[in-house]
Amino acid sequence: MFPGHAVVMAAPASLFTDERAALLVLLLAIGPASPRRSLLSRYGSAGNALAAGPSAWRAAGCTPEQCQALAQPPREALARALRWLDAPGHHLVSLADPTYPPLLRETASPPLALFVDGEPALLRHPGVAVVGSRRPSGSGDDLAREFASALAAAGLVVISGMAAGIDAAAHRAALDSQGLSVAVLGTGADVPYPARHAALRNTLAGRGAVVSEYLPGTRPVAVQFPARNRIVAGLTLGTLVVEAAFRSGALITARLAGESGREVFAIPGSVRNPLARGCHRLIRDGAQLVESPDDVLAVLGPLALAQGRALHAAPCDPIEQAGPRRAPGAGPTPPPDDPHYQSLWQALGHDPTPMDSLVQRTGLTAATLSSMLLAMELEGRVVAEHGRYTRNP
């Protein structure tokens, strides 16, 4: 008995035989995860852990508040979660379940359970994380699509966090190449974040999987996203950082991958591009510099084969398979408010970009772009060299 607390009674006996409900009760006992992992490990199932009673909960290290929540679970929240699980395609995979992703189980703090909307078997398939800036340059967006398309076509599951920018580009390119992709959310599996990615979330659930350690309905909270990154890193054989600033959430994912003994890859960029500084930092710290999808496959191919999965050769022109290019988010302050100038400024990267790429990124004609680029060059905003254009730093 804890001083200042009422006597904690045992959990309702009806929960002992309903493993899904028992596991949800463990998840709803919010607080330190380590004691609940210990209970699952010692007793083999959530039902047995609840049946062990308050003395066992305390011995495992559960706080008084957790013991109370285990004995008297919030019934409304429990009922909501059970209703979500009753829907087709919805799953709950326990750490005690033999189908739990083995690579994730090996990490320092594996989630107690995973809510999955889609195909849970994909979490055990060899995968690669593709992460980076939420506001990539034009070339960064292209590289994310090129690499994700090729890696998915080779047989890897492309895993990311469904954030704006590099994450979304990687998911879409993997799906466009008829490959597989998994999104790991920092919200409930039913809560798209950002909200404009609702359609992407639904597509991923239908053709891949959407995963979360948080209960359905969980809204976005800042602290949940770094925690999400450990799952992205833990599910995969390696993490590829496409473009990231010096202080970026993608670097957290890369660090966690390295700490878990996984491969870390980084694509170098222009020294004038502030979004390349995070990748350069990773390379200085020992990440593998990669220039093509084949560089990644050369390392991950043998690791996938050790898991019983042979990868295919990367296609020779993966970026064309990824579909039409999409203009990325804005970088520095653009020139006039004219939407065409805004679109062009967003499409210009820190590396020289040829006219045909600008046409594809903006949807404008070459004649229109030439006139706009000339005006911007005269204003000192753009530098032109050998038919390629870049922002003037």
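For the structure, check the block above.
Our subject in this report is the structure included herewith. It should be emphasised that the depicted structure is a prediction, and the values quoted were computed from it without experimental measurement.

## Some details on the overall build of the chain
And step 1. Each helix and strand in the chain was counted, giving 18 helices and twelve strands.
And step 2. The 393 residues of the chain split such that 54% are buried.
And step 3. Summing over all exposed atoms, the chain offers an accessible surface of approximately 16700 Å²; the carbon and sulfur share of this is 54%.

## Considerations on the nonpolar core
And step 1. By size, the foremost hydrophobic cluster in this structure holds 73 residues, and its most contacted members are Leu24 and Val182.
And step 2. It is helix 1 (residues 19-28) that contributes the most residues to this core, eight residues altogether.
And step 3. Look past the residues within four positions of Val182 in its chain and what remains in contact with it is Leu122, Leu123, Val157, Val158, Ile159, Ser160, His171, Ala209 and Val211.
And step 4. In terms of nonpolar packing, the next biggest core, distinct from the first, is built from 26 residues, Val130, Ala144, Leu237 and Ala304 among them.

## Quick notes on helix 10 (residues 198-207)
And step 1. The set of residues buried in helix 10 consists of Leu200, Arg201, Leu204 and Ala205. Within helix 10, the buried residues cover an arc of 135 degrees as seen down the axis, which keeps them to one side. Facing away from the buried side of helix 10 by more than 90 degrees, the exposed set consists of Ala199 and Gly206.
And step 2. Taken together, the buried residues of helix 10 touch strand 2 (113-118), helix 9 (166-176), strand 5 (180-184) and strand 6 (209-212).

## Some remarks on the side chain of Arg37
And step 1. Looking at where Arg37 falls in the secondary structure, it is placed in helix 2 (residues 33-43).
And step 2. Leaving out residues up to four positions away in the same chain, Arg37 has contacts with Leu95, Ser109, Pro110 and Leu112.

## Brief notes about the sheet that holds strand 5
And step 1. With mixed pairing, nine strands are arranged side by side in an open sheet as 1-2-6-5-4-3-7-8-9. Looking at which strands have only one partner, the edges of the open sheet turn out to be strand 1 (90-94) and strand 9 (288-289).
And step 2. Two strands pair when backbone bridges link them, and strand 5 and strand 6 are joined in this way by three bridges, in the parallel orientation. Opposite Val184, over in strand 6, you have Val211 as the bridge partner.
And step 3. Each of strand 1 and strand 2 is contacted by helix 6 (residues 75-86), which is oriented at about 115 degrees to strand 1, the strand it contacts most.

## A word on the pattern of salt bridges
Two side chains carrying opposite charge are able to pair once their charged atoms lie near each other.
And step 1. This model, assessed by the stated rule, comprises seven salt bridges.
And step 2. Here Arg20 ties to Asp86 by a salt bridge, and the two come within 3.0 Å at their closest N and O atoms. Here Arg20, found in helix 1, pairs with Asp86, found in helix 6; they are 66 residues apart in sequence, far enough to count as distant.
And step 3. With its nearest N and O atoms 3.3 Å apart, the salt bridge here joins Arg80 to Glu76. In this pair, Arg80 and Glu76 both sit in helix 6, four residues apart, roughly one turn of the helix.
And step 4. Take Glu76: its relative accessible area is 60%, and that puts it in the exposed class.

## Here's the deal with the packing of helix 11 (residues 224-234) against helix 12 (residues 249-259)
And step 1. Between helix 11 and helix 12, the shortest axis-to-axis distance is 8 Å and the interhelical angle comes to 45 degrees. Between helix 11 and helix 12, the angle falls in the class oblique. Both helix 11 and helix 12 take part in a crossing whose hand is right-handed. Contact residues: helix 11 offers Pro226, Asn229, Arg230, Val232 and Ala233, while helix 12 offers Gly249, Ile252, Thr253, Leu256 and Ala257.
And step 2. Partitioned by chemical class, the residues of the contact of helix 11 with helix 12 number six nonpolar, three polar and one charged.

## With respect to the sheet that holds strand 10 (residues 353-354)
And step 1. Taken in spatial order, the three strands make up an open sheet running 10-12-11, and their pairing is antiparallel. Only two strands of the sheet have a single neighbouring strand rather than two, namely strand 10 and strand 11 (382-385).
And step 2. By the bridge criterion, two bridges tie strand 10 to strand 12 (residues 388-391) in an arrangement that is antiparallel. Bridge assignment links Thr353 to a residue of strand 12, and that residue is Tyr389.

## Notes on the pairing of strand 4 (residues 157-160)
And step 1. Side chains Val157 and Ile159 of strand 4 all project onto a buried face; the interleaved residues Val158 and Ser160 project onto the opposite face, where all are buried too.
And step 2. By the bridge criterion, three bridges tie strand 3 (residues 127-131) to strand 4 in an arrangement that is parallel. Paired with Gly127 across the strands is Val157, a residue of strand 4.
And step 3. After leaving strand 3, the chain enters helix 8 (residues 138-153) and then returns to the sheet as strand 4, a path that is right-handed.
And step 4. The pairing of strand 4 with strand 5 spans four bridges and is classified as parallel. Bridged to Ser160 within strand 5 is Ala183.
And step 5. With helix 9 bridging strand 4 and its parallel neighbour strand 5, the resulting β-α-β unit is right-handed.

Definitions and limits used
Residues numbered from 1 in each chain as written. Predicted model: local features only at pLDDT ≥ 70, side-chain atom pairs only at ≥ 80, totals over all residues. Heavy atoms only, no water. Helix = DSSP H or I, 4+ residues; strand = E, 2+ residues; numbered from the N terminus. Buried < 20%, exposed > 50% of the residue type's maximum accessible area, 1.4 Å probe, protein only. Areas by Shrake-Rupley, 256 points an atom, 1.4 Å probe, with all protein chains shown as cover. Core = buried A, V, L, I, M, F, W, Y, C linked by side-chain atoms within 4.5 Å. Contact = heavy atoms within 4.5 Å. Arc of directions from axis to C-beta. Pairing = 2+ DSSP bridges. Axes fitted to C-alpha atoms, helices over the stretch in contact; angles between N-to-C directions. Salt bridge = Lys/Arg side-chain N within 4 Å of Asp/Glu carboxyl O. Parallel < 35°, antiparallel > 145°, perpendicular 65-115°, else oblique. Left-handed = near helix turned anticlockwise from the far one by under 90°. Nonpolar A, V, L, I, M, F, W, Y, C, P; charged D, E, K, R; others polar. Right-handed = clockwise from strand over helix to strand, strands pointing away.

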